Structures are given as C-alpha cells and as structure tokens.
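Coordinate analysis (summary)
Residues per chain are reported as follows:
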Protein chains: 2
Amino acid sequence: MIDARLITLRVFARCGTIGATAELTGYSPSAVSAQLRELQRVLGMQLLTKDGRGVRLTAAGRYLVSGSDTLIAEWESLRAAAMEAGDQMPARFGLGGFSTAAAQLLAPLAATLRSTRPQLEVQVLEANPARCFDLLVAERIDLAVIVAMQSDTHAEDDPRFEQTVLLDDPLDVIIPSNHPLASRETVTLEELASEPWITEAVGSTYHSLFTAAFTAVGVTPRIAHEAVEWETQIAFVGAGLGVGLLPRLAPLRSAENVVRLRITGKGKPARRIVAAVRRGSIASPLIQESLDILQVRAKRILAARPEDDL
Amino acid sequence: MIDARLITLRVFARCGTIGATAELTGYSPSAVSAQLRELQRVLGMQLLTKDGRGVRLTAAGRYLVSGSDTLIAEWESLRAAAMEAGDQMPARFGLGGFSTAAAQLLAPLAATLRSTRPQLEVQVLEANPARCFDLLVAERIDLAVIVAMQSDTHAEDDPRFEQTVLLDDPLDVIIPSNHPLASRETVTLEELASEPWITEAVGSTYHSLFTAAFTAVGVTPRIAHEAVEWETQIAFVGAGLGVGLLPRLAPLRSAENVVRLRITGKGKPARRIVAAVRRGSIASPLIQESLDILQVRAKRILAARPEDDL
DNA sequence: ATATCTGTGCACAATAGGTGCATGATCGAT
DNA sequence: ATCGATCATGCACCTATTGTGCACAGATAT
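Quantities reported herein were computed from a predicted structural model and do not represent experimental measurements. (Residues numbered from 1 in each chain as written. Chains lettered and ligands numbered in written order. Predicted model: local features only at pLDDT ≥ 70, side-chain atom pairs only at ≥ 80, totals over all residues. Heavy atoms only, no water.)

Across the boundary between the two partners, chain B contributes 32 residues, which contact 33 residues of chain A. Carbon and sulfur atoms make up 71% of the area that chain B and chain A hide from each other, which totals about 2700 Å². Seen at the junction of chain B and chain A, the total is 0 salt bridges. Across the contact surface, chain B and chain A share 6 residue pairs in polar contact (both at pLDDT 80 or more). Residue assignment for the side of chain B that touches chain A shows that the elements contributing at least two residues are α1 (4-15), α3 (29-43) and α4 (59-86) of chain B. No other element matches α4(B), which puts 17 residues into the side of chain B that touches chain A. (Contact = heavy atoms within 4.5 Å. Buried area = accessible area lost by both parts, 1.4 Å probe. Salt bridge = Lys/Arg side-chain N within 4 Å of Asp/Glu carboxyl O. Polar contact = N/O pair within 3.5 Å; in protein donor to acceptor, adjacent residues only side chain to side chain. Helix = DSSP H or I, 4+ residues; strand = E, 2+ residues; numbered from the N terminus.)

Okay, the relation of the copies chain B and chain A next. One copy of the chain maps onto the second through a rotation about an axis and a displacement along it. Screw-axis analysis of chain B against chain A gives a translation of 0.0 Å along the axis, an RMSD of 0.1 Å, and a rotation angle of 180 degrees. What the rotation and shift describe, once combined, is the action of a two-fold rotation axis. Scanning chain B for the C-alpha nearest the rotation axis identifies B:Ile2, at a separation of 2.5 Å. The fraction of interface residues of chain B whose copies in chain A are also interface residues reaches 100%, indicating that both copies meet through the same surface. (Least-squares fit on C-alpha atoms with pLDDT ≥ 70 in both.)

Before going further, it helps to spend a moment on α1(B). Residues and elements named next belong to chain B. The terminal C-alpha atoms of α1 lie 17 Å apart, and with 12 residues this matches the ideal 16 Å at 1.5 Å per residue to within 8%. Measuring from the side-chain oxygen of the N-cap residue of α1 to the backbone nitrogen of Arg5 gives 2.7 Å; that N-cap residue is Asp3. Positive backbone phi, at 85 degrees, marks Gly16, one or two positions downstream of α1. (Expected span 1.5 Å × (residues − 1).)

A few words now on the protein's contact with DNA strand D. Taken together, the neighbourhood of DNA strand D is formed by 18 residues, with A:Ser28, A:Gln35, B:Ile18, B:Gly19 and B:Ser33 sitting nearest. Backbone atoms, meaning sugar and phosphate, make up 71% of the atoms of DNA strand D lying within 4 Å of the protein. One nitrogen or oxygen atom from the side chain of A:Ser30 is found 3.0 Å from a base oxygen belonging to DNA strand D. Residue A:Gln35 places a side-chain N or O atom 2.9 Å away from a phosphate oxygen belonging to DNA strand D. (Near = heavy atom within 4 Å.)

All right, on to the pairing of strand β8 (residues 196-199) of chain A then. All names here are of chain A. Residues of β8 alternate between two faces, with Pro196 and Ile198 on one and Trp197 and Thr199 on the opposite face, all of them buried. With 4 bridges connecting them, β8 and strand β9 (residues 222-226) associate as parallel partners. Note on β9: the bridge partner recorded for Ile198 is His225. Taken together, the 2 bridges between β8 and strand β10 (residues 243-247) define a ladder with parallel strand orientation. Bridge pairing in β10 links Trp197 to Val243. (Buried < 20%, exposed > 50% of the residue type's maximum accessible area, 1.4 Å probe, protein only. Pairing = 2+ DSSP bridges.)

Dropping the structure here:
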C-alpha cells in the first residue's frame, strides 16, 4: 500500500541510474523519470539532482529512502498480521531463486502451492542472489531462495530483509573417471592443489565460494578454464581438461566419464542456502507456509545424505 | 505516500457508511465503493462484509485500520523529517477550523503564509471540531484549529493526532443593556442562575461548554431559547429575550443594546483552543512555522487582555 | 571530434479511476 | 403488508493519469 513511486525511488537509490531502475521495476526509462518527477511534485520536495550525465539523490531523497525501510517493514508486518487475522491469502505470489539449488527447492514449492491453492497466482523468476534482493525491494517477488555469499555478510542484518537458513549444501569435487584419484571415496583439497581447475568467471556468484574454499586450506589453485553452466563445467571435466567443484544439489546425470568425490579435511567447503523475504512479511501465513514447505524439503534432502555431512 | 485507498478505508472505519465516507473524502459513493473493492482485490483480503443495508469491516479490515495508525504516523514523521533535511516545503497546505475563534487565528495564519510563501497553495475549510478530525484523517487538511471538548477528552491521546494548546478563551456573559446588572463590570454565574438563557442546540459544540460551566457552580439554568449563530444569539439578547454566554474572541460589533460582562467566582468557564495535526507531521517545517505563527497570535490576544484573565 | 551513455520531452495509446444514474436490498414506519 | 427512505453497487460514459517509443540534449571517454 506504499505508493509505487516510493518503491521506484527505493529501487533507484539501490542501483543509481534511471535505466537500471526501469529494467528492474519493469517500467520504461521514461516512466521511471516521470514517476520520480511526479513524486517530487506531490511531496513538494526535490529528491534528485543532475550529476554528470546521470542523476543523484538529494539529502532529502536519501533521508526519505533510508527512512522508508522501517515504513515498508511496518507495512509488510501489518499486512501479514491482517492476513493472519482474517485467515486469508494474497492473490499473487512471486518467487525468486538462483541456479539448480534454488530450482530443487523452489520448483517443488511452486508445485505444492499451485496444487493446494489453485486460485493463487504463483510466479517464479530465476535470478542471481543480488538481483533477487533487488527484486524483493522492487516488490516483483515476495520470497527468494538464494545462496548466502560471504561478501554479502552485510545482507544478514539488512533492515529490508529477513533471512532463514534452509540448509548447508556441501561442495563436492568432480574429476575425470580416468583420474588416479577416481577410485577414492573422499579427497582433500590439498591433494588436488596442483590440478588444473575449472570454475566460473571472476566476480560470479560461485567464484567467491571457490576462492574461499581454498583460502581456508591455504593453497592457491591454478584456474585453467572457466565455465558458466554446470553442464559445461562437467563436460570440461569429462573431457579431461581439469577438475572442478560441484554443489551436492547439482545433479550429475549426463556424466558418464566423471566421478564425484566428497571433500574431507579441515576445508569442507559448503554453500549456505537461505530464504529471504521483505522484513515484516515473515508473519504472513502464505510466507510461513512456504517456509515450512521449504524447510521440510531441506530436511528431506539432508536426511538422504550420509551422516558425516550433517 | 500511503495509498489513497487505505486512507479511504480509514475514513470508512471512522464513519461506518460508504455515503458518509464519500462526503468526507470528496469522492462519490460509487468511487468509494470501487476503491474499497479494488483495495480488497489488490491486498487479496476481504475487508468488508454486508451488514443489513450497509457494510461492515471484517476482522482483517479492523486489524488493518487499527494498525495503519502507526503506519501513517511514521510516514508523516518521515515526510516531515525529509522536508526538514532538504529545507523544503509542500506545495499544498490545508487548514481547518471552526467558528469565529478559529477565524481569528486561521485567517491571519493563512494570510501570513500566502504572503511569505506565494507559491504555496493554502486552502482553508470551515468545519466543526469533529469534522476537522475527520478531515485530518481524510488528509483533506493538514492542520486544524479547534475547540477542545470535554467530551472529546479521549481525543487527547488519540494515536492519530498531536495537539498543541494555543490559548484558553474565557466565556463572557451578554445581557440586555437595560438589564439591572448591565452597569456591573463583572458577575457570577450564580447571580444569573434564574435568568432565561439562550444557548445553542443540544448536542452542538458549545452546548456542552454551557452545561459544563453551570454544573461546575452547581446551578441548573433555564434554557429559554436556542440559536445557532452568535449574531442570532446576540440579537435575541438585544431583544430582551434572555442572557447568553459569548466567547471573548467573538466580536460584539453589531450590538448597541447588549452589554458584555466578565464572569468571576469559582466558575470561570472557558473554552480551550488547540491546534491539531496528524501525528508525526508536527516536525514538518511548514507545520512548525504555522504553529509558531499561531502561538504568536495567541500570545498577542492574551496580552491585550486584563491580567486577571491570564 | 566522435561515439556512447545518460536522462528527458513529446505524441500517442492504454487504462485506471472518476461521475451520475439506475437498480437491488434492507429497514422502519405507517 | 406496503411504502418510502436509506445504502451499496453495477453500468455506461468520460476524464486524466500513466505508460510506451522515439527523438533529442547534455556529459564523458576515446
């Protein structure tokens, strides 16, 4: 119930340019520009100033955006409580998530909701974690399943979001089936220190996981190749180009000549998968139900694993 | 920046019928109906139920309305702080007030604002205190100068408003100039207990002031006539029909054969004139400036009086 | 300079949102 | 029971807000 133009302003504050705001909110740049102009007119405040070829928030604008955090959170909370008081559900529900891990959690969630609440319009958007947060702010989605980043530790206490840990997904090693270590059950990262590694591009979501895993054990791996998709990476490994890290949740269906090994030793890298919602909305019955479904799913996944992985 | 439909819902919660809501908000009944229907659709909540020939809030609706108090207050507060941070003014400013007293305070305020801030669109609405509160809720006005009612003591701590005492305006007695007491400077209410009194209709704003004044001294006056306008009451008194109470701020220009006397004794009735704003908005620079102007005006009025009246 | 990226103004189109009247439902009074 | 009064709502119609697409202007980097 907070005016859409204020939401737009918040998104702008996050990404800094009209164009990016338009892309994120789904409007055209002209519309965003007009919205912000209208917002200034209605409030009688100057919120933006020209800055080079772009625009920048004024002091009043920054103040408004920073203060709107609690306002939005309070609205979400109110909305959620009213929902609960009336025992009702919203008409639309937007989900966001990234990659295979999210797919394994989000897809079943969406399916369950679709069957139990046929009149609920469920929409799923695939987006990387950073974008998921943006989409939450832009109110395009209501719940996101993402991989918690080390670099995004500040996101933990962001006043705009509330996060719930779903599970820790360990990273495995994949090596060619003709590799000397292929018959092993487990390996340590140290044993693979001299191998040519295949990872994602620098700056990607998983590259930081990769480096974090090796810095933890104190070795510097040699990055031989880069791949974007898991499938590509697996194919590279299968072709004998090197070895790679693969999350346990990522399936290895199409790989005949690739072996997956568990990592042991002090460096047991894992990615933490969490659910994120707008602060305040966590009390909503639909959010609660969704989190429950996700938790059950996560527990089932954990239960199917050997005990040493927890 | 809170959605207009939520404001409408709040007004509805206050007055209970679509028609009254329409009258108060300035919309047509159809528009109010459509707005509330839309609100329910957007929120995915049922907020209203048919109840006889009218409609009634559901549990969710009541919850939403009650919780929106703090939400609105927080928004007003944020808006005010942003205004102050940016050293800026809103484009529109709505004032509300009642009767002569308000006129003597509001008119100068409006005039001052008009001259010092030419681009500010100032609108003044004359309305009785109860309606002023409604207009504040409906966001038709931003500041109201009203007479605090004894019966409305609960309004003191209403979470929707903040009130500032401007001045206490004593009530005088007006009697025909040929009355035995006409040559006196002051009288007590007891001395006039047996006179035929002229007052406003039962249930009106000032009737309760009237009764409160007499219950304070423990006498029961005889109400002979009723008048709505001060001028009418004065004319009645001038015609020798009885005596009446007149606020000090109400001018006595057209009355040749009427005398105004101060009231002494333990019962010194007065009406308290206060300024009311939506909670949170009091920090707004424009509100602050307006309150300052009103306070100065009030002090000037008090200064022009004999000391015994304070 | 030129190319490029920024935001904005304008004509136009879609649609949200308004009014006024007619209709249906309910209640109170005769 | 019946009638009128009172409410809310649906419908036809109209307005104006709001979005799009394109062209354009200012600023920057090469």
